[in-house]
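# Analysis of the macromolecular model
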2 protein chains.
Amino acid sequence: MAVVVELEGERKRKPNIDGLQALVADDLKAVNEVIVQKMDSPVALIPQLAGHIVASGGKRLRPILTLAAARMCGYAGTRHIGLAACVEFIHTATLLHDDVVDASELRRGAASANALWGNQASVLVGDFLFSRAFQVMVADGSLPVLKILSDASATIAEGEVLQLMTTNDTQTGEGSYLDVIKAKTAELFAAACRIGAVVADRPRAEEDALYTYGLNLGIAFQLIDDVLDYSAEQAALGKTVGDDFKEGKLSLPVILAFHRGNDDERTFWRRTLEDLDQSDGDLDHAIALMQDHRALTDTVDRARHYGAVARDALGIFPSTPQKDALLELVDFCIDRAY
Amino acid sequence: MAVVVELEGERKRKPNIDGLQALVADDLKAVNEVIVQKMDSPVALIPQLAGHIVASGGKRLRPILTLAAARMCGYAGTRHIGLAACVEFIHTATLLHDDVVDASELRRGAASANALWGNQASVLVGDFLFSRAFQVMVADGSLPVLKILSDASATIAEGEVLQLMTTNDTQTGEGSYLDVIKAKTAELFAAACRIGAVVADRPRAEEDALYTYGLNLGIAFQLIDDVLDYSAEQAALGKTVGDDFKEGKLSLPVILAFHRGNDDERTFWRRTLEDLDQSDGDLDHAIALMQDHRALTDTVDRARHYGAVARDALGIFPSTPQKDALLELVDFCIDRAY
């Protein structure tokens, strides 16, 4: 009986990140202060442009992961603050370079930095933030942390190049797609979490568990992001509807629809995504094909799988408010699809 | 008498870097092997593109500085090999990003990477090389070296942004110009040299001396580079003649000619460099104005000043073949103008 009531209670309550945000609120405020302080430069354009992208917000998911992981590991110091800022700087640098690569005009609903200041400034300010992240890590002085984040940075760049090579290629399979999102998205989630165990000086098993949690959470997060790019509600999320389609990105929803489609459908995908020959109604037709083949719902199912792995990875940690919040974060990331 | 003979012998012999290259030949071979090995990636485009720019050569001046400085400091180990490769990776990453920023079609006389593979790949492979440099430094394990090169990287990015802001602005003065070239060129020369003293575990005074040598050598080098962009022989150096003029870059030869010019001349500079309204004969007219005002020869004189500071900085080191070669390098860099 109690179980049923609990389940009904659970069902009514949509997973959210309010609890997580409340737990890290003070730390996150300190992170934001470090971010503002460290992105300063006598070259005025740098804080202007960096400030634009940092302020345009996002949920600060990656630094929050570092903060919550460190506290879950019992860390009582302040080193995680600066390192969480490094994680956000690396993320911001990749966003700036991504927007140049994608020629995006919008980022989180606002004009992207490259649209406002040009590609040149976006490339160079990205380089600055990336260097600044390493300066802050060096000041922190932990070679293991430097290793984790330099490894993650190299993997992210590899993933971005791999994505560039698969863009507009309908031959891309689910395996290659997963390689791309692991590298370009999930590795930074994994690194952000793992650092929490490192600053807390926890055993290797906990480091590994947090890495696994972050990696699988990141994969699930990106899968849902790719679903949202084809779902109606996403306009509310401040992204341009159909961005991936317009660019000819081979995300999992497309890959599933392509593999499950007939010859006519594959001709459609090749024309729109390889030749980028698109006209009015093509995006709607693409979404209709995805629905016919359950490509979007099955992508969400794939995300659930990775979410389940992420949840189980935290099994070795004792129950704490941070652990509960990190578990709920998994559900929140997947639930965004609805 | 002996002195006179020596001077005449000196006069006949143009300064060159053959001696320096011979001294570091074995080490440089090892650096090239590390470069090839470390730029590898399962993502095929990365070694392809990185290989193109790394192989298209240049003189490997920056890694050579690390190698020669380390040996001059009596270092007998092998750590300087990997660190010299890091210096070259950081330099290569900035070249890749520079070419995107400048929209250059040529680099050292060959098609630039962005012309062959597109801006997107150049941005991302630059990011990869930059991350890889930090991975190699982390494996080396010296926080002081990591500090030197992360500081230099941040300064380079600042310098590049500053240059972006002064491009097409004829208000740029000699001071701002010097700030730009110190940051974007000379800091990496300085860092490359300084690392030599760090791996050799030499006292701070020697670190500082090598930093001063590198910084002033780098300034002289860039000043001469800017002269070469307006001098006829430079076609032989594999650069596009008049690149800086075409892009509206405010280099010192332009700044001197502008400041020394009359109203008509300033109108010419504003039209060609601010409005980028250029037609046939404008480049020739620009060079003629520079000659009228001795702007090119006086830029070489400025370079001589920095060269002299660089030479004196090495005064605290005992005489060695490496020291002699580093002294001759200063003359070689300046002598390129003739």
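Residues numbered from 1 in each chain as written. Chains lettered and ligands numbered in written order. Predicted model: local features only at pLDDT ≥ 70, side-chain atom pairs only at ≥ 80, totals over all residues. Heavy atoms only, no water.

## Digging into the confidence of the model for chain A
All names here are of chain A.
- Averaged over every residue, the pLDDT of chain A is 89; residues scoring 70 or more account for 89%.
- Between residues 1-10, whose pLDDT stays under 50, and residues either more than four places distant or in other chains, the model counts zero contacts.
- Across the interfaces of the predicted complex, the ipTM metric reaches 0.87, alongside a pTM of 0.89. (pLDDT = per-residue confidence, 0-100. Contact = heavy atoms within 4.5 Å.)

## Here we look at the packing of aromatic side chains
- This structure, assessed with the given rule, holds 10 aromatic pairs over all chains.
- Taking the centre distance of 5.2 Å and the plane angle of 45° together, the rings of Phe189(B) and Phe221(B) count as tilted. In this pair, Phe189(B) is assigned in helix α9 (residues 174-199) and Phe221(B) in helix α10 (residues 204-228), connecting sequence segments 32 residues apart.
- Assessed through its relative accessible area of 8%, Phe221(B) is described here as buried.
- Ring geometry for Phe268(B) and Trp269(B): centres 5.3 Å apart, planes at 70°, overall edge-to-face.
- For Phe268(B), a relative accessible area of 7% corresponds to the buried category.
- Taking NZ or CZ as reference, Arg266(A) lies 5.2 Å from the ring centre of Phe258(A), over its face. (Phe/Tyr/Trp six-rings, centres within 6.5 Å; stacked < 30°, edge-to-face > 60°. Helix = DSSP H or I, 4+ residues; strand = E, 2+ residues; numbered from the N terminus. Buried < 20%, exposed > 50% of the residue type's maximum accessible area, 1.4 Å probe, protein only. Lys NZ or Arg CZ within 6 Å of the ring centre and 35° of its normal.)

## Here's the deal with the relation of the copies chain B and chain A
- Mapping chain B onto chain A calls for a rotation angle of 180° and an axial translation of 0.0 Å; the resulting RMSD is 0.0 Å. The superposition operator between the copies reduces to a two-fold rotation axis. (Least-squares fit on C-alpha atoms with pLDDT ≥ 70 in both.)

## Let's talk about the pattern of salt bridges
- Throughout the structure, instances matching the rule amount to 35 salt bridges over all chains.
- With a closest N to O distance of 3.1 Å, Arg311(A) and Asp331(A) form a salt bridge. Residue Arg311(A) is located in helix α15 (residues 295-313), and its partner Asp331(A) is located in helix α16 (residues 321-335); the two are separated by 20 residues in the primary sequence.
- Put simply, Asp151(B) and Lys147(B) hold a salt bridge, and the shortest N to O gap is 2.7 Å. Here Asp151(B) pairs with Lys147(B), and both are found in helix α8 (residues 143-166), just four residues apart, close to one helical turn. (Salt bridge = Lys/Arg side-chain N within 4 Å of Asp/Glu carboxyl O.)

## Structural notes on unusual backbone geometry
- The backbone of Arg60(A) shows a phi angle near 55°, a positive value even though the residue is not glycine.
- Within the secondary structure layout, Arg60(A) lies in the loop between α3 (45-55) and α4 (61-72).
- Positive phi values are uncommon outside glycine, yet Leu276(B) reaches one of about 55°.
- Within the fold, Leu276(B) resides in the loop between α13 (263-274) and α14 (282-292).

## Some words on helix α7 (residues 119-140) of chain A
Residues and elements named next belong to chain A.
- In this model, α7 (22 residues) spans 32 Å end to end at C-alpha, consistent with the 32 Å of a helix rising 1.5 Å per residue.
- Of all 22 residues making up α7, 18 are buried, and the element is well covered by its neighbours.
- Residue glycine 141 follows α7 closely and has a positive phi angle near 90°. (Expected span 1.5 Å × (residues − 1).)

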